[in-house]
Amino acid sequence: MQTNDANHPGGAAAAARDSAFLRACRGESVPHTPVWFMRQAGRALPEYRALRGGTPMLETCTRPEQVVEITMQPVRRYGVDAAILYSDIVVPLKAIGVDLDIVPGTGPVIAHPVRELSDLDQLRPLETADVPYVSAAVGELVRTLGSTPLIGFSGAPFTLASYLIEGGPSRDHAATKALMYGAPDVWHGLLSRLATIAANFLRVQVEAGASAVQLFDSWAGSLDPADYDAYVRPYSEAVLAEVGTLGVPRIHFGVGTGELLGSMAAAGADVVGIDWRVPLRDGIERVAGRAVQGNLDPALVFAPWEVIAEKSRSILAAGRSAPGHIFNLGHGVLPTTDPDVLARLVDFVHTESAR
């Protein structure tokens, strides 16, 4: 990692443009396959746990100095090709006044779930002034990172909607689907507002200096292709189109979305994340010429090193058929992952792909 002497975020972000990560996003030649890990900053790192202590997560997300340090921890430890801002997908909802909290062991919990049109009144557009701590953290990070790109992110409208409707995490998304089918006026009003909030949250990060963005649609895999196209894709399209005016690569990722990959690519992403359930070669065929990201099973890092190396080598080989390939896990780093294994994996990907 190089240090950039620029004294403003725009200059530092410009230094990252020729990085392997951004080149892969654009489908250009790379010196090696770039690698980063979803949830690379967080629970698996002892230094993260020491820094957080007993501070609630949402409070930590509003402290720029802690956000900077937590975001930098995996860059120092692993030597990854990109950092991702330490935050949470519900941060913009909290910032506009939604009554919610992240409950340890549970996840986001919403005090007043959305059930009818009047419940949408709690969702006003996000403004830059609502999240000054995000702008401050991003600005400091891009100065510190220099030529290493910073990825900003947001939850996609459907995933945010599922939390707001269910009142928290859900296995079957029954309330979400019931509202989607039974109250289309509430559904489309909700998704439209969330698309604006997500787009504005990404804009804040890019205008502060982020070099790329990722739209997480963690729960979209609960839908069939027809429902995804009818009820969800238009709103992800709206977010990605708005971000497209900012000139940074857009990554779109979901879990269990093998049957949706074509539609997710058509929604406007430059890079499509592929989870571990789909062979990477098949995923590349489904996304119609887009760059791809993925897709080692997060649980495989607990296997013997020979197995990890074999699987990773296979993924790297498959990735060569895509216009661009970013090595990543097929979902986030698991909490009990050995950080030394991830560091070794980064070295392996760099060395193996540079041959």
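Whatever comes next refers back to the structure up there.
Residues numbered from 1 in each chain as written. Predicted model: local features only at pLDDT ≥ 70, side-chain atom pairs only at ≥ 80, totals over all residues. Heavy atoms only, no water.

Take Ser 353: it is sitting in helix α15 (residues 339-353). Ser 353 sits in the buried class, given a relative accessible area of 15%. When the C-alpha positions of Ser 353 and Thr 33 are compared, they lie 5.6 Å apart, and in sequence the two are 320 residues distant. Residues in contact with Ser 353, not counting those within four places in the same chain, are His 32, Thr 33 and Leu 316. Within the structure, the side chain of Ser 353 is placed 2.6 Å from the backbone oxygen of Val 349, a separation counted as a polar contact. Of note is the side chain of Ser 353, whose polar atom sits 3.4 Å from the backbone oxygen of His 350. (Helix = DSSP H or I, 4+ residues; strand = E, 2+ residues; numbered from the N terminus. Buried < 20%, exposed > 50% of the residue type's maximum accessible area, 1.4 Å probe, protein only. Contact = heavy atoms within 4.5 Å. Polar contact = N/O pair within 3.5 Å; in protein donor to acceptor, adjacent residues only side chain to side chain.)

So, on to the pattern of salt bridges. Inspection of every chain in the model, using the stated rule, returns 16 salt bridges. One salt bridge in this structure joins Arg 203 and Glu 207, with 3.2 Å as the shortest N-O distance. In this pair, Arg 203 and Glu 207 are both assigned in helix α10 (residues 184-208), four residues apart and thus about one turn of the helix distant. Judged by relative accessible area, which is 22%, Arg 203 ranks as partly exposed. Its salt-bridge partner being Arg 277, residue Asp 275 comes within 2.6 Å of it at the nearest N-O pair. Salt bridges linked by common partners bring Asp 18, Arg 23, Arg 26 and Glu 28 together as one network. (Salt bridge = Lys/Arg side-chain N within 4 Å of Asp/Glu carboxyl O.)

Here we come to the packing of helix α9 (residues 174-182) against α10. Following both chains from N to C, one finds α9 and α10 inclined at 110°, their axes separated by 5 Å at the closest point. Overall, the two elements α9 and α10 adopt an arrangement that is roughly perpendicular. Mapping the contact onto sequence places Thr 176, Leu 179, Met 180, Tyr 181 and Gly 182 in α9 and Pro 184, Val 186 and Trp 187 in α10. Here the contact of α9 with α10 is composed, by residue class, of six nonpolar, two polar and no charged. (Axes fitted to C-alpha atoms, helices over the stretch in contact; angles between N-to-C directions. Parallel < 35°, antiparallel > 145°, perpendicular 65-115°, else oblique. Nonpolar A, V, L, I, M, F, W, Y, C, P; charged D, E, K, R; others polar.)

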